[in-house]
Amino acid sequence: MKKYFAAAGLLIFIAVFADFLTPFDPYVQDLEGALTPPNSINLLGTDRYGRDVLSRVIIGSQTTLCAALALLAVIASVGSLIGAICGYKGGRLDTFLMRMSDIFLAFPQMVFAIAAAGALGGGLLNAAAALAIIGWTKYARISRGLVLSIRSMPYFDAARMAGSSSIEILFAHVLPNIAGTILVTAALDIGTIIMELAGLSFLGLGAMPPTAEWGAMMNNGRSMLQTAPWVILAPGTAIFITVATFNLLGDKLRDFLGGDRQ
Amino acid sequence: MKILDVRNVKKFFGKRLILNDINFTVDAGECLGIVGLSGGGKSTLAKIIARLIPCDFGEIFLCGEDITHATGNAFYKNVQMIFQTPEDSFNPRRTLGKSIAEPIKNFLDDKNLRGRVENFLAEVGLPKNYYERYPREVSGGECQRAAIARAISISPKLLICDEATSALDVNTAEQIVTLIKKLCAEKNIACLFITHDLATLKKLADRVLVLEDGRLKTLDESKFKEVLAWSD
């Protein structure tokens, strides 16, 4: 468990302190040194504009990882809160919001995100917004189901009889008891969100040039796969390592928080 | 003085009539036992009286106040409940102490919350350091003692015990019944003890009503003794 946390922590550390870790300026172009293969100076080579690929991969982690984590924090917290309120209050609000989520869930997530990002226009923020529009529904569904099961527990009735208000019950008795499951779901989702954000950028609907973002970097290197494979392999490997690390962390978290320990 | 007055209460689940024209009263300091078969509507009746679920017809008066359609939580100062499964009646993420302190904080505004909770823990026979224990760290009997401490902590006028001993072994159940009887007598708390076990009521109840086919029937003393002799 610790090694997965350490690996994820290292990735987040790199993302946060990327500005200090890059060996070269990731945005400075040097056309004479374009498409230099990996060597002792440019460890991962350079791209078609002569920019250091390693520096761009490092600074790209900031864009990709921070955007993914921020997006996940928003959809997990907003979705969970909406689901918890629906499960707690019931009635017309519950019916309306759950039918809304059914409508969103009826679309394939990536297809909907592409359509929404296309409609909203390019840019990482719009790509994140497109994913957020559909992403909250999963958390709303999960948290609503959990809250409904908690509502049938005697400690929920005991809290009501103890004179606690609805808000107190929601925040003191309900949300802490669904947090474990939501956390595990979110941890398992980090990889998916990274892939989706990178996917939108790869399609030109996410980060705009010259912003270093792993999906956009792969798109730039796509046409040079056979002549300069390092341009696409470096960000691709970064995505693979990051997604695998967070998926493994999510699995371990699920094992740890599952069963009796929850 | 009537603490609880239940008048013509009916409850349907779908088209099925679970409770049919329920009428009874509980006086101050009295312990009324309600006995019946599993699935007979005993817990539904307890939840209706505690306003955890609404009734479809009838009226419920608590200390003279009509609580049938009461909103808010203020009337819970006068009625508390002990549940069937002690471990499930406590939030698993809160210590027993914090759970016991919750009604005190909400109804009594006591500054010395911890001290007061520790006194109640001692009163139900639990060490003071159980304040920091989580429900999973104590036995079922200890958890039910903590539930009793929580229920009596605000000195309610009525204590509803819904199968409070059915999840416990015989010895522990007897200790819990003795404790409830002692505390209710000391604090003049009326008790509505709901169970399927007549032998438990023998030790506790002043009167016994039988819930059968959705209706409450009085069990007269001779019949009560006859049934007890049979159950012994």
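Before any of the text, the structure's been laid out above.
Before going into details, it helps to say that this report is about the structure given with it. (Residues numbered from 1 in each chain as written. Chains lettered and ligands numbered in written order. Predicted model: local features only at pLDDT ≥ 70, side-chain atom pairs only at ≥ 80, totals over all residues. Heavy atoms only, no water.)

1. Focus on the overall build of chain A
Next, step 1: Scanning chain A from N- to C-terminus turns up ten helices and zero strands.
Next, step 2: Reading chain A from its N terminus to its C terminus gives the helix and strand order α-α-α-α-α-α-α-α-α-α.
Next, step 3: Along the three orthogonal principal directions, the C-alpha set of chain A runs to about 75 × 40 × 25 Å.
Next, step 4: Each of the 262 residues in chain A was classed as buried or not, and the buried ones make up 48%.
Next, step 5: Across chain A, every contact between residues at least 6 apart in sequence was considered, and the portion connecting residues at least 24 apart equals 73%.
Next, step 6: With an accessible surface of roughly 12,200 Å², chain A has 68% of that area assigned to carbon and sulfur atoms.
Next, step 7: Between the averaged position of the 17 positive side-chain charges in chain A and that of its 16 negative side-chain charges there is a distance of 10 Å. (Helix = DSSP H or I, 4+ residues; strand = E, 2+ residues; numbered from the N terminus. Buried < 20%, exposed > 50% of the residue type's maximum accessible area, 1.4 Å probe, protein only. Contact = heavy atoms within 4.5 Å. Areas by Shrake-Rupley, 256 points an atom, 1.4 Å probe, with all protein chains shown as cover. Lys, Arg positive; Asp, Glu negative; His and termini not counted. Charge placed at Lys NZ, Arg CZ, Asp CG, Glu CD.)

2. A word on the overall build of chain B
Next, step 1: Of the regular secondary structure elements, chain B holds seven helices and ten strands.
Next, step 2: Relative to the compact-globule value of 17 Å for 232 residues, chain B shows a C-alpha radius of gyration of 17 Å, a close match.
Next, step 3: Looking at chain B alone, contacts between residues at least 24 apart form 70% of all its contacts between residues at least 6 apart.
Next, step 4: A total of about 10,500 Å² of accessible surface is found on chain B, and carbon and sulfur atoms cover 48% of it.
Next, step 5: Side-chain charges of chain B comprise 33 positive and 31 negative groups, with the mean position of each set lying 4 Å from the other. (Rg over C-alpha atoms; globule rule 2.2 N^0.38 Å.)

3. Describing the interface of chain B and chain A
Think of interface size as the accessible area that goes away when the parts come together; that is how it is often given.
Next, step 1: Each side of the interface is counted separately: chain B has 23 residues, and chain A has 18 residues.
Next, step 2: For the chain B and chain A pair, buried surface summed over both sides reaches about 1,800 Å², with 52% attributable to carbon and sulfur atoms.
Next, step 3: Our count for the contact surface shared by chain B and chain A stands at zero salt bridges.
Next, step 4: Put simply, chain B and chain A have 13 residue pairs in polar contact (both at pLDDT 80 or more) between them.
Next, step 5: At the level of secondary structure, the elements contributing two or more residues to the side of chain B that touches chain A comprise strand S6 (79–82) and helix H2 (96–107) of chain B. (Buried area = accessible area lost by both parts, 1.4 Å probe. Salt bridge = Lys/Arg side-chain N within 4 Å of Asp/Glu carboxyl O. Polar contact = N/O pair within 3.5 Å; in protein donor to acceptor, adjacent residues only side chain to side chain.)

4. Quick word on the sheet that holds strand S3 (residues 31–36) of chain B
Residues and elements named next belong to chain B.
Next, step 1: Spatially, the six strands line up as an open sheet ordered S6-S7-S8-S3-S9-S10, and their pairing is mixed. Every other strand in the sheet has two partners, leaving S6 and strand S10 (215–218) as the edge strands with one partner each. Strand-to-strand, the axes of this sheet are offset by a mean angle of 20 degrees, without reference to chain direction.
Next, step 2: Relative to strand S8 (residues 190–195), strand S7 (residues 158–162) is paired through five bridges, and the arrangement is parallel. Following the sheet pairing, Leu158 is matched in S8 by Ala190. (Pairing = 2+ DSSP bridges. Axes fitted to C-alpha atoms, helices over the stretch in contact; angles between N-to-C directions.)

5. Comments concerning the state of the cysteines
Residues and elements named next belong to chain B.
Next, step 1: Taken as a whole, this structure holds zero disulfides over all chains when the rule is applied.
Next, step 2: Residue Cys55 stays outside any disulfide, its sulfur separated by 18 Å from that of Cys63, the closest cysteine.
Next, step 3: You can call Cys55 buried: its relative accessible area is 12%. (Disulfide = S-S within 2.5 Å.)

6. Overview of the sheet that holds strand S5 (residues 65–66) of chain B
Residue and element names in this part refer to chain B.
Next, step 1: If you walk across this open sheet you meet the four strands as S2-S1-S4-S5, and the pairing is antiparallel. The outermost strands of the open sheet, each flanked by one partner alone, are strand S2 (16–27) and S5.
Next, step 2: Pairing between strand S1 (residues 2–13) and S2: eight bridges, direction antiparallel. Looking at S2, one finds that Phe13 is bridged to Arg16.

7. Details of the pattern of salt bridges
Next, step 1: Counted according to the given criterion, the structure contains 17 salt bridges over all chains.
Next, step 2: For the salt bridge of Asp189 of chain A with Lys138 of chain A, the shortest nitrogen-to-oxygen distance reads 2.8 Å. Placement of the pair is Asp189 of chain A in helix H8 (residues 166–202) and Lys138 of chain A in helix H6 (residues 124–151), with a sequence separation of 51 residues.
Next, step 3: Overall, Lys138 of chain A belongs to the partly exposed group, its relative accessible area being 34%.
Next, step 4: The partner of Glu212 of chain B in a salt bridge is Lys217 of chain B, and the shortest N-O contact between them spans 3.2 Å.
Next, step 5: On the accessibility criterion, Glu212 of chain B (39% relative accessible area) is partly exposed.
Next, step 6: Note on Lys217 of chain B: relative accessible area 37%, which makes it partly exposed.
Next, step 7: Members of the salt-bridge network, linked through shared partners, are Asp47, Arg51 and Arg56 of chain A.

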